[in-house]
Every structure is written in structure tokens, then in C-alpha cells.
Amino acid sequence: MDFTLTKEQALAQKMYREFAENEVKPLAQEVDEEERFPKETVEKMAKLGMMGIYFPKEVGGTGADVLTYVMAVEEMSKVCGTTGVIISAHTSLCAAPIFENGTPEQKAKYLPKLCSGEWLGAFGLTEPGAGTDAQGQQTTAVETEDGWLLNGSKIFITNSGYADVFIIIAITGTVIDRRGRKAKEISAFIVERTDPGFSVGAHEKKMGIRGSSTCELIMEDCLIPKDRLLGRKGKGFQLAMATLDGGRIGIAAQALGIAEGALEETVAYVKERKQFGRPIAAFQNTQFELAEMKARINAAKYLVYAAAQKKQSVMDGAKVRYSVEAAEAKLIASRTASDVTRRCVQLFGGYGYTRDYPIERMMRDAKITEIYEGTSEVQMMVIAGDLLR
Amino acid sequence: MKAIVCVKQVPDTSGKVAVKADGTLDRASMATITNPDDLSALEAALRLKDATGCEVDVVTMGPPPAEGMLRECIARGADKAYLISGREFGGSDTFATSQIIAAGINKIGVEADDVIFCGRQAIDGDTAQVGPQIAEKLGLPQVSYVAEIQKDGNDLVVKRMLEDGFMMVKVQTPCLLTCIKELNEPRYMSVGGIFECYDNEKHPMTILDYPALKDDPLIEVDTIGLKGSPTNVFKSFTPPQKGAGMMLTSDAPAAELAGILAKKHII
């Protein structure tokens, strides 16, 4: 597989690096300490076309490709994991399902504003009782004369405190499955922040990505127009799973970026830090640690880029799935991020444990990538399921 | 109305500086960037475009790889690019360079209300001569060290920064302005701009070589290239780093300073 960047991709990478260094990195510590959503950064990214990178121009996107999107998440995450996931959740979990499943009217209404960054997007699947067991949904949507009436709650919703548009998964009835058992009929909806009966609950206090807005969504007799059903009735679970396939590439890119950022910080530090009269970079333990981390990061990188390219082939019209590639990329990249950041803290020693250096933040940020948008165990279920088909 | 912006690709002086045996810079072995003051000039032109919808053309003289820098200018928002490039132009000093760039600008064509933007100076030569020389050769009014620009009918009112103050100058268009970094904060390339910047139909890249410019009266064998350059480079070198200064923070800094000087047997 060829990962040579096109001239445009290389230029985008250069721009992302300059932007991350000048605009994102200086805020990263503050955003973490104050658990503050970096709204000003989102506005700046929106101006540069970073909130709709791989969607065609006809729907308001920038007309670039999936790898260029993945590199945006990667480069921002190198300096700030919070900023990386804002782009990822917005793009992969909200704009993408509307682009892939929306009616022409839905696309025309939502995509231009999402791609321009005027509206921020989020995705509500997880519930207090439905995490890995995504079928365990309790939220209901009942069709009435006036529209769909939604009741229930969602938790751990990324971007929710600032999002304008939400993709909400809800039960619309019961069906008899192929084995003759009763099962929940699940559908997807587009909900707007201003819809009556919709509210956003308290902000979660998290271990990492503390600037990312994670809240509960509450729907109490939330009435939305009939044309907000996204995709076909009863196909919401498949829509959610396909959406997460794309989302996992974004989270894999975030994990990759966090690992790369931690290694960059560590390489600079070990050249400066002296013990026993020598920079610690002169010790073979340090060198072996750096070498192994670099090799593991590149292994993860190739998986992430390969998954991005497979998704691009779907964008270009190929009828293939990329669930397994996305699961492999996320499994390996997230584990690499956790492993690499932990080893980097060790190389930093006591200083690495203080909040004066960014490395402990990176270690805290890394952990979530093994959990959200499908835990590592879920990724292994996807991969094994394909192997044993 | 249009804006013409002169830009230069310069060695990235934050990296290593390489010097050839003849004393000139070994540009090929150094990473390059767009000259920082020129980015401010481009930003000023792009703001004029935001306000008036005018066209922004970028022009540079340099070897073929300078095309990459021009593409980046397009990715920031410029419309058209002109690359002045040819062996005949090699070795030009500021005098010869301004002859050639002025001829290039003549080729693009300067109309009644056009504005030419240059950076104050390039970080490699630091002469601040090329912009003003271009204006002289084109017979245009010029304002250097521009820190603010306002449009006033057909004129521009600009703030000119001097060492000990500033000057407000009203200037007729067409004119040439040399811009300083403090003028603005250059915008980034946009993703949309990047994915359009290699589209030659939308953003034509014109190569102006010697045959394209040779009929301009400014271009003579003895006005361009090494032969047309009255400057001889004696030596290029990286100046030695100065030691860090010392801030006196006590309540009685004069006494503290006198004490330090006495300790060093200076007084």
C-alpha cells in the first residue's frame, strides 16, 4: 500500500502543523486545567475548512479526502487530544451519517452549516444501561400526528455542551427477528438543540480530554418533525454501527496523534535532561525505549492510514466495508497511545508526573481512546467475528 | 483594481545556515520559507480583496522550486501567480533583481487603481532595497515601513513606522507599499485553498522567463544577472551569538549597576 502523500495532502499537513503549533498547543494546558471547551479554536478551524474536510463541495465541504481529514485529527491531537476529538466527533459521528443516509432535503439543511462549522455536531447512542450492549437502548421515539415524540436520556455525549445538531438513536417499536424472537426496532433521528423537550445535562468530570464537552442529553416529550427520521425506520442500529466504523478511524487518528506528540516531547526532553553527567539520551535504555515506541507508532500509523484509504474508496464509490480495518486501526493505535504515553512519563521521571510538563496530560488523554466509540474489547469482537465468519 | 504582491522564498534562518566556498548562501541545502514580511504584504492584499473583491496576483523571482511557495500563496487566497525564472537572471543583486521584477510587473500590467505590496525586507539579505527600487523603476509613488492601510476614495492613507515615531501619508494609486510584520497577522492556508491551489485553470501559474521579458526596456545584458549587478558579496557568515543580557530588578538599579561595574574593575 502506498502512503506517499499527494502535493495537496503534504501542504495540508504543513498547514495543520503550523496551526497546531501556534493556535492549539498554547491553549492545551489551560483547556485541560480549566476543563474548558476551546470554542475559539473551533471557530478558527472552521474558517480554515477543517470541520467538513472530506465532504464534496456540493454539500458545503472542502472537497478533500479522508486521509486529509485523518491527518487533521492526528496533527491537532499531537498537541491537544481535546481538539482532535472535537473534529472527529463532529465530522465522523454527525456530518458523516447525514451525508451517507440523509434525504436531499436533510443534506441541504444540515451539511452546509455543519461543514462550515456554523453548527457543531454530536452523536447520541450510549445510555446509562447501553454501552457496549448498544442494543440495550431505552430511549423511545413514538410516531404521532405531529411528528416523533422522543423520551429518554443519553450519556457521555462528546461535543454535547456546544453542539447544535445531534444524531439520536431510539427504539421505534418491536420486530420479530429471523429466529422468531421479539427484538427492538431501532431508528436514527436528527435532533436540534432548540427542539422542545430537549436539554443538555451536567458536564462530566473526566480523567483526560478534559476540554472536550461530555454531557448527558435529556429528552422529555421531545417533539421533532416527521422528516427528521434519518435513514430508514428500523435501520438505526446498522446506521449507528456504520457511523462508528468511520468514527473509529477518527479516534484511531487521535490516538496516533497523542502517541506521536508524546514521543516528540520525550525526544526533546531526553536530549536536555542530564543525569550522571550525560544527557539521558546517551543511555541505551532510553534509546531502546525511543526506538520501540517509534516502531510501534509507525505500525499504528500504517493501520490508521490504510483504514482511511479504504474509507476513501467507499467515498469514491466502491461497495466495500471497512469495519475490520477501522477496528484494527483503533485497537492498535489506542493501545499504542496508552503504552507510549506511559513509557514517556517514565522517561521524564518525576518531572513527567508534574502538570508543568504536557506528558502526564497526554497519558490521561490516551486512555479514553481505548474506551470510547467501542472499547478495545469491542474492536476485538469485530475482528474475531470477521475471522470466524 | 488589483493587488500585486512581491514575495520571496528565503532560507529558514531558524535552521542551519550553509555558506558556499564563494561566500554566497548555499540555498539548495537549506530549508526554505516564505519571507515573513512578504506574508504580511500578502495578508494586506488579501484584506483588500476581502473588502473590495479585487484580484490578488503574486509574483516572485527565483529558481523553479519557488513555484511551491507561489502555490502556498494561492492556498492562502491569492488568485494568480507569476514565476520569474531563468538562468539569465541568476546572480542578480538588488539592483538587477528590481529591474527584472519591474519588467515582470510591466508584463502583468499596472492599471490606474492597482496597489503593489512588498515586504519591507527579506530575512536573508536584509537590504530593504528591492521594494523601493521596483517603485522607482516603474515610476510609481512608494511608501515604505507600512503598518496600517486605509482606503480613502482613490487614495490610500497609510501609517509609516519610523524609528522614533510614525507618519501618516496619503498616497495616490497606483502605488507601491512595503509592509512590516506589525501590519497584520498573516492567515493560514485553508484546506479548500490547498485543494484548489494546483488547479491551473482556476489559478493560472505563468512562467516569465528571459524570452518573455527581454523586450522590456529595463532588461539589458548589463542590467540583469551577475553582469548587471554592481554588488560583490565579500563574505557571508552567521554572526556569533551575543550573550544573554542581565536585567537589574532591585529597587536601586543604579547602585546595583555601579557595584557590578566596580567588581569587574570597569570603574
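Residues numbered from 1 in each chain as written. Chains lettered and ligands numbered in written order. Predicted model: local features only at pLDDT ≥ 70, side-chain atom pairs only at ≥ 80, totals over all residues. Heavy atoms only, no water.

J.: Can you help me understand the overall build of chain A in this one?
T.: Helices and strands together make up the secondary structure of chain A, namely 11 helices and 10 strands. Relative to a compact globule of 389 residues, whose C-alpha radius of gyration would be 21 Å, chain A shows 21 Å and is just as compact. Oriented by its inertia axes, the alpha-carbon framework of chain A measures out at about 80 × 45 × 40 Å. Counting every position in chain A, which comprises 389 residues, the buried fraction comes to 55%. For chain A, the accessible surface area stands at approximately 16,800 Å², while carbon and sulfur atoms represent 53% of it. Across chain A, the mean location of the 49 positive side-chain charges is 4 Å away from that of the 52 negative side-chain charges. (Helix = DSSP H or I, 4+ residues; strand = E, 2+ residues; numbered from the N terminus. Rg over C-alpha atoms; globule rule 2.2 N^0.38 Å. Buried < 20%, exposed > 50% of the residue type's maximum accessible area, 1.4 Å probe, protein only. Areas by Shrake-Rupley, 256 points an atom, 1.4 Å probe, with all protein chains shown as cover. Lys, Arg positive; Asp, Glu negative; His and termini not counted. Charge placed at Lys NZ, Arg CZ, Asp CG, Glu CD.)

J.: Any chance you could explain the sheet that holds strand 7 (residues 142-152) of chain B here in plain terms?
T.: All names here are of chain B. The 9 strands are arranged 9-8-7-10-6-1-4-5-11 in an open sheet whose pairing can be described as mixed. Of all strands in the sheet, those with a lone pairing partner are strand 9 (165-172) and strand 11 (205-208), marking the two edges. Across this sheet, the average inter-strand angle for adjacent strands is 30°, counted without regard to direction. The pairing of strand 1 (residues 2-6) with strand 4 (residues 55-61) spans 5 bridges and is classified as parallel. Among the inter-strand pairings, I4 is bridged to a residue of strand 4, identified as D57. Its contacts with the sheet place helix 4 (residues 130-138) against strand 1, strand 6 (115-119), strand 7 and strand 10 (175-179), and it is angled at close to 175° to strand 10. (Pairing = 2+ DSSP bridges. Axes fitted to C-alpha atoms, helices over the stretch in contact; angles between N-to-C directions. Contact = heavy atoms within 4.5 Å.)

J.: Can you help me understand the side chain of D79 of chain B in this one?
T.: Tracing the backbone through its elements, the reader meets D79 of chain B in the loop between helix 2 (66-76) and strand 5 (80-84). For D79 of chain B, a relative accessible area of 18% translates into the label buried.

J.: Can you help me understand the interface of chain B and chain A in this one?
T.: In many reports, interface size means the accessible area that the parts give up when they come together. At the interface, 14 residues of chain B touch 22 residues of chain A. With both chains or domains summed, chain B and chain A bury close to 1,500 Å², and 67% of this area falls on carbon and sulfur atoms. On the chain B side of the contact with chain A, Y188, V191 and F195 of chain B bury the most area, a combined 48% of that side's loss. For K57 of chain A, the salt bridge identified is with E196 of chain B, shortest N-O distance 3.4 Å. (Buried area = accessible area lost by both parts, 1.4 Å probe. Salt bridge = Lys/Arg side-chain N within 4 Å of Asp/Glu carboxyl O.)

J.: What is the right way to read the packing of aromatic side chains from this model?
T.: Aromatic ring pairs: the centre-centre distance and the angle between the two ring planes describe each pair. Enumeration over the complete set of coordinates arrives at 16 aromatic pairs over all chains. Here F19 of chain A and Y188 of chain B contribute two aromatic rings whose centre-to-centre distance is 5.3 Å and whose plane-to-plane angle is 75°, an arrangement assigned as edge-to-face. With one member in each of two chains, F19 of chain A in helix 1 (residues 7-33) and Y188 of chain B in the loop between strand 10 and helix 5 (191-194) form a pair that bridges those chains. Y188 of chain B gets classed as buried once you look at its relative accessible area, which sits at 15%. By the ring-pair criterion, three or more aromatic residues cluster together here, those being Y54, F55, Y69 and F99 of chain A. Its end group placed over the ring of F166 of chain B, K159 of chain B keeps NZ or CZ at 4.4 Å from the ring centre. (Phe/Tyr/Trp six-rings, centres within 6.5 Å; stacked < 30°, edge-to-face > 60°. Lys NZ or Arg CZ within 6 Å of the ring centre and 35° of its normal.)

J.: Please explain the nonpolar core as it appears in this structure.
T.: One recurring pattern in soluble globular proteins is that nonpolar side chains are buried together. Among the nonpolar cores identified, the biggest contains 129 residues, and M15, Y16, M50, V70 and I98 of chain A together with F117 and L177 of chain B are the most heavily contacted of them. Among the elements that take part in this core, helix 6 (residues 236-272) of chain A stands out by supplying 14 residues, more than any other. Once residues within four sequence positions are removed from consideration, M50 of chain A is found in contact with M15, Y16, F19, M45, M76 and I87 of chain A together with V191 of chain B. By size, the runner-up hydrophobic cluster in this structure holds 25 residues, among which are I105, I108, A135 and L138 of chain B. (Core = buried A, V, L, I, M, F, W, Y, C linked by side-chain atoms within 4.5 Å.)

J.: Please explain helix 1 (residues 36-52) of chain B as it appears in this structure.
T.: An α-helical turn contains 3.6 residues, so any two residues separated by three or four positions project in the same direction. All names here are of chain B. Over its 17 residues, helix 1 runs 25 Å from end to end, which matches the ideal 24 Å to within 8%, given 1.5 Å per residue. All of the buried residues in helix 1 are D37, D38, L39, S40, A41, L42, E43, A44, A45, L46 and L48. Just past helix 1, the residue G53 takes up positive phi, approximately 80°. (Expected span 1.5 Å × (residues − 1).)

J.: Please clarify how a nonpolar patch on the surface should be interpreted in this entry.
T.: Taken together, the side chains of M161, F166 and M168 of chain B make up a nonpolar region of the molecular surface, amounting to roughly 300 Å² of accessible area. Tracing the backbone shows F166 of chain B in strand 9. (Patch = residues over 30% accessible without salt bridge, like charges linked within 9 Å, V, L, I, M, F, W, Y side chains within 5 Å.)

J.: Whenever I open this one, the pattern of salt bridges confuses me. Can you help?
T.: All names here are of chain A. Evaluation of the coordinates by the stated rule reveals 49 salt bridges over all chains. Linking D245 and R248 is a salt bridge whose minimum nitrogen-to-oxygen distance equals 3.9 Å. With a gap of 3 residues between them, D245 and R248 both fall in helix 6, about one helical turn apart. Across the pair, R248 and D245 agree in class, each one buried.

J.: Would you take a moment to explain helix 2 of chain B for this structure?
T.: Most of helix 2 of chain B is tucked away: 9 of the 11 residues are buried. G77 of chain B sits one or two residues past helix 2 of chain B and shows a positive phi near 140°.

Purely spatial values, then, with no claim about function.
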